[in-house]
Amino acid sequence: MTQHKSYDNTVNYGIIFVLTLVHFTGDFYSSFFTPLLPAFVDKLGLTLAQVGLITGMVRFLSFIVQPVIGYLADRYETRSFIFAGLFLAFFFIPFSGIAPNFWTLLIVLCLGSIGSSMFHPSTTGMVPLYSGNRAGFCLSIYNTGGTFAFALGPVFITWYVAGFGLEQMPYTIAFGAIAFIFCIKYLPVPVSENLSHLGFFGSLKETLGKVYKSIFLIWLVMVLRAVTGQTFMTFMPIYLTDKGHSLVSVGLIVSLFILAGTFSGLLAGYLADKTDFKKIFFVSHAFMAPALILYLYLPGPFVYLGSFVAGFSVLASLPLGVVMAQKLAPKSRAMVSSLMMGFAYGLGGAVSPLVGKLADIYGLENILFYSAFIPIVTLLPIMRFPKVN
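We now turn to the structure provided with this report. Residue positions are given per chain, counting from 1 as you read along its sequence in written order. Whole-chain, interface and lining totals are the exception, using all residues; otherwise, since this is a predicted model, local features are given only for residues with pLDDT of at least 70 and side-chain atom pairs are given and counted only at 80 or more. As a convention, hydrogens and water are excluded, and side-chain values are obtained from all of the structure's heavy atoms.

Of the regular secondary structure elements, the chain holds 19 helices and zero strands. What the globule rule says is 2.2 Å times the number of residues to the power 0.38, and the radius of gyration is computed from C-alpha atoms. Its C-alpha radius of gyration of 20 Å places the chain within 12% of the 21 Å reference for a compact globule of 389 residues. Its C-alpha atoms give the chain principal-axis dimensions of about 55 × 45 × 35 Å. When accessible area is computed with a 1.4 Å probe and restricted to protein chains, residues below 20% of their type maximum are described as buried, those above 50% as exposed, and intermediate ones as partly exposed. Split into buried and exposed, the 389 residues of the chain put 59% on the buried side. Considering only contacts within the chain whose residues lie at least 6 apart along the sequence, 88% involve residues at least 24 apart. Accessibility throughout is a Shrake-Rupley quantity obtained with a 1.4 Å probe, and a residue counts as covered only by protein chains that appear here. By element, 71% of the accessible surface of the chain is carried by carbon and sulfur atoms, the whole surface being about 15,200 Å². Measuring between centres, the 21 positive side-chain charges of the chain sit 10 Å from its 13 negative side-chain charges. Numbering of helices and strands runs from the N terminus, with a helix taken as a DSSP run of H or I at least four residues long and a strand as a DSSP run of E at least two residues long. The contact criterion used is simple: two residues touch if any of their non-hydrogen atoms lie within 4.5 Å. A positive count includes Lys and Arg, and a negative count includes Asp and Glu. His and the chain ends are not counted in either. All charge positions are set by atom: Lys at NZ, Arg at CZ, Asp at CG, Glu at CD.

Structure (structure tokens):
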């Protein structure tokens, strides 16, 4: 398949689908870890601090790897980053089920995380080329591939492990292999901006220029959103298990949280194309704290509703930050995408060891409660966002 830059208003949904499939496949396997945390804790006797360390390392690798790959992807026209990353994700993560100890589990999940970090910048940077005048909506479709994977993955893997055991997880590689072969056939070659001659700092100056303050504000908001989101996604399964929920129930609750984000991401992208990105950003972050409090304290079966409302609010702004950054710095699509997704997501998740340690000291419920109020801090920088249409 040959690639061409899309300068007209036509959306190439075929290529958007292939890019979304890459995103879905990689994130499907990445989603296995969180809902299985109670099983790993039970099997290997992990402490909350160790849970935080694993989660923090996985996020930290995203934080380190994605900007580097994003920088390279903007400069070299190759599919290597995408395919190497996808392979690492679908091949290594299933082996976490047979990890005999904490350190093996850590290594296997870190390799999978490196893979996930490698394909995200290139594919995200390619989306605007085929989006026509629907950049917000198409990025939301692409993002939905990831959020839907994170919604479906926990349901699948908790059902699978409950029925067949952790030791049978390596057989789940089959789906990834099929998707991998399909993507090799149909994924186009990325288009770079040919800025490699400028070097790292020269290319940053060329691509970010006068918009670096706006990019920083958006990035800061995305980091704070990630701190709250990762805290709840990492530790709520353990909290819910302590409250008496089964592993399958926890998987369903986590999936509802993320499934809600697939709807809110699409809705936010659609509305942002029609109105104003800044306005949608503000509304979603204003509702985040009360939604998370509901998630934490709604009793009995109402926790499913709380999970959906919380996920709807927390995940709505993810595609918006990426699209805003790409519009402000169109010459560095992969780089700014990695800043808003991997760098922000990874840095936000890198505090998980600290959160885990604080939870061991002060109690998990208290830490989750106070984390829910972090999004309120983001409202002031959101008010200073530039207007992007």
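Right, picking up where we left off after that structure.
A few words now on the packing of helix H9 (residues 212–242) against helix H10 (residues 247–274). Fitting a line to C-alpha atoms yields each axis, with helices limited to the stretch in contact; the angle taken between N-to-C directions then spans 0 to 180 degrees. It is at 10 Å that the axes of H9 and H10 come closest, and there the two elements cross at 145 degrees. Along this stretch, H9 crosses H10, giving a crossing that reads as right-handed. Contacts between H9 and H10 pair Met233, Pro237, Leu240 and Thr241 from the former with Val250, Ile253, Val254, Phe257 and Ile258 from the latter. Each residue belonging to the contact of H9 with H10 can be placed in one class, and the counts come to eight nonpolar, one polar and no charged. If you view the pair so one helix is near and one far, a crossing is left-handed when the near helix is turned anticlockwise from the far one by less than a right angle, and right-handed when it is turned clockwise. Only Asp, Glu, Lys and Arg are considered charged, only Ala, Val, Leu, Ile, Met, Phe, Trp, Tyr, Cys and Pro nonpolar, and every remaining residue, Gly among them, polar.

On to the nonpolar core, then. Ranked by size, the top nonpolar core spans 111 residues in total, and within it Ile54, Phe257, Leu292, Tyr295 and Met340 carry the most contacts. Ranked by the residues each element gives to this core, the list is headed by H9, at 14 residues. Core analysis: the second largest hydrophobic core is formed by five residues, Ile69, Phe81, Leu88 and Met118 among them. In plain words, nonpolar cores are sets of buried Ala, Val, Leu, Ile, Met, Phe, Trp, Tyr and Cys residues tied together by side-chain atoms within 4.5 Å.

Among all positions in helix H11 (residues 277–286), only Phe277, Ile280, Phe281, Ser284 and His285 are buried. Looking straight down H11, one finds its buried side chains confined to an arc of 125 degrees; they lie on one side. Throughout, the arc means that of the directions going from the helix axis to the C-beta atoms.

Time to look at a nonpolar patch on the surface. For patches, a residue must show more than 30% relative accessible area and have no salt bridge; joins then use 9 Å for like charges and 5 Å for nonpolar side chains, namely Val, Leu, Ile, Met, Phe, Trp and Tyr. By salt bridge we mean one thing: a side-chain nitrogen of Lys or Arg within 4 Å of a carboxyl oxygen of Asp or Glu. A contiguous nonpolar patch, built from Phe263, Leu267, Tyr270, Leu271 and Phe312 and spanning about 430 Å² of accessible area, is present on the exposed surface. Here the nonpolar patch takes four residues from H10, the largest share from any one element. Turning to its location among the elements, leucine 271 is positioned in helix H10. Classification of leucine 271 by relative accessible area gives partly exposed; the value is 32%.

In this section: empty space enclosed by the protein. A pocket, in this scheme, is an open set of points on a 1 Å grid over the protein atoms alone with protein on both sides within 12 Å along at least 5 of 7 lines, while a cavity is a set where a 1.4 Å probe fits but cannot get out; residues line either one if an atom lies within 4 Å of a point. Grid points are joined across faces, edges and corners, and a volume is the space filled by probe spheres set on the points. If you walk through the whole model with that rule in mind, you get four cavities of 30 Å³ or more. Roughly 530 Å³ of internal volume is contained in the largest cavity. Every residue lining the largest cavity is counted, 32 residues in all, and those nearest its centre are Asp27, His120, Phe150, Gln230 and Tyr345. At the level of secondary structure, the elements contributing two or more residues to the lining of the largest cavity comprise helix H1 (13–30), helix H3 (48–73), helix H5 (102–126), helix H6 (135–164), H9 and helix H15 (333–349). Take the lining of the largest cavity: its biggest share by element is six residues, from H5. Considered class by class, the residues forming the lining of the largest cavity number 13 nonpolar, 16 polar and three charged. The space that makes up the second largest cavity amounts to roughly 60 Å³.

This paragraph deals with the pattern of salt bridges. What the rule picks out here adds up to one salt bridge. In this structure, the salt-bridge partner of glutamate 365 is lysine 243, at a minimum N-O distance of 3.9 Å. Taken together, the residues glutamate 365 in helix H17 (residues 364–371) and lysine 243 in the loop between H9 and H10 connect sequence positions 122 residues apart. The class of glutamate 365 is partly exposed, set by a relative accessible area of 29%. Residue class for lysine 243 comes out exposed when judged on its relative accessible area of 53%.

In a regular helix each residue adds 1.5 Å, so 25 residues correspond to 36 Å; H5 covers 37 Å between its end C-alpha atoms and thus fits that length. The N-cap of H5, judged by a side-chain oxygen 3.2 Å from the amide nitrogen of tryptophan 103 a few residues on, is asparagine 101. A helix is expected to span 1.5 Å multiplied by its residue count minus one. N or O atoms within 3.5 Å of each other form a polar contact, as long as, within protein, one can give a hydrogen and the other can take it, and as long as residues adjacent in sequence are counted only when both atoms are side-chain atoms.

Next up on the list: the packing of H9 against helix H14 (residues 318–328). H14 packs onto H9 with a crossing angle of 165 degrees between their chain directions and a minimal axis gap of 10 Å. Viewed along their axes, H9 and H14 adopt a mutual orientation that is roughly antiparallel. Regarding H9 and H14, the two cross each other, and that crossing is left-handed. Of H14, the residues touching H9 (which contributes Ser214, Ile215, Ile218, Met222 and Arg225) are Leu318, Gly321, Met324, Ala325 and Leu328. Its residues assigned to classes, the contact of H9 with H14 comprises seven nonpolar, two polar and one charged. Should an angle fall under 35 degrees it is called roughly parallel, over 145 degrees roughly antiparallel, and 65 to 115 degrees roughly perpendicular, with every other angle called oblique.

With respect to the helices and strands, cysteine 183 occurs in helix H7 (residues 173–186). Linking cysteine 183 and leucine 19, residues 164 residues apart in sequence, is a C-alpha distance of 8.4 Å. Beyond its immediate chain neighbours, meaning those up to four positions away, cysteine 183 contacts Val18, Leu21, Val22, Arg79 and Phe83.

Once that is clear, we can look at the environment of phenylalanine 33. Relative to the assigned elements, phenylalanine 33 resides in the loop between H1 and helix H2 (37–44). Taking the relative accessible area as the measure of exposure, phenylalanine 33 reaches 5% and is therefore buried. In this structure, the C-alpha to C-alpha distance between phenylalanine 33 and valine 351, residues 318 residues apart in sequence, is 17 Å. Setting aside residues no more than four positions away along its own chain, phenylalanine 33 makes contact with Phe40, Ile54, Thr55 and Leu109.

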